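Results of the structural survey
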Amino acid sequence: MLSWALMFLIIALIAGLFGFGLVGGMAYGAAKICFFIFLVLAVFSLLTGKRIPTE
């Protein structure tokens, strides 16, 4: 998920560089959504991850 966010961010930067504002804005929005989904899933997996019992 994080790699998708980075890919959309790069697309947004390149589109903004060449003057395609609408495409850049849409790619930025997609990158932001993917990044927040990644954060939620990362926190969830950290809280509910498997723990190895120590004896």
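Refer to the structure printed above.
Conventions used here
Residues numbered from 1 in each chain as written. Predicted model: local features only at pLDDT ≥ 70, side-chain atom pairs only at ≥ 80, totals over all residues. Heavy atoms only, no water. Helix = DSSP H or I, 4+ residues; strand = E, 2+ residues; numbered from the N terminus. Expected span 1.5 Å × (residues − 1). Contact = heavy atoms within 4.5 Å. Axes fitted to C-alpha atoms, helices over the stretch in contact; angles between N-to-C directions. Parallel < 35°, antiparallel > 145°, perpendicular 65-115°, else oblique. Left-handed = near helix turned anticlockwise from the far one by under 90°. Nonpolar A, V, L, I, M, F, W, Y, C, P; charged D, E, K, R; others polar. Phe/Tyr/Trp six-rings, centres within 6.5 Å; stacked < 30°, edge-to-face > 60°. Buried < 20%, exposed > 50% of the residue type's maximum accessible area, 1.4 Å probe, protein only.

**Some words on helix α1 (residues 2-17)**
The terminal C-alpha atoms of α1 lie 23 Å apart, and with 16 residues this matches the ideal 22 Å at 1.5 Å per residue to within 8%. Buried residues along α1 sit in contact with α2 (21-48). The first or second residue beyond α1 is glycine 19, which carries a positive phi of 90 degrees.

**Focus: the packing of α1 against α2**
The packing of two helices is summarised by the inter-axis angle and the distance between the axes. Across the interface, α1 lies against α2 with an axial gap of 8 Å and an inter-helix angle of 160 degrees. Classified by the interaxial angle, the pair formed by α1 and α2 is roughly antiparallel. Along this stretch, α1 crosses α2, giving a crossing that reads as left-handed. In this structure, α1 uses Leu2, Trp4, Ala5, Phe8, Leu9, Ile11, Ala12 and Ala15 to contact α2, whose residues at the interface are Val23, Gly24, Ala27, Tyr28, Ala30, Ala31, Cys34, Phe35 and Phe38. Of the residues assigned to the contact of α1 with α2, the class counts are 16 nonpolar, one polar and no charged.

**Examining the packing of aromatic side chains**
For the coordinates displayed, the defined rule picks out two aromatic pairs. Plain terms: the ring middles of phenylalanine 35 and phenylalanine 38 are 6.4 Å apart, the flat faces sit at 35 degrees to each other, and that makes the pair tilted. Placement of the pair is phenylalanine 35 and phenylalanine 38 together in helix α2, with a separation of three residues, close to one helical turn. Classification of phenylalanine 35 by relative accessible area gives partly exposed; the value is 36%. Relative accessible area serves as the criterion here: at 28%, phenylalanine 38 is assigned to the partly exposed category. Among the aromatic residues, those joined into a ring-pair cluster are Phe35, Phe36 and Phe38.

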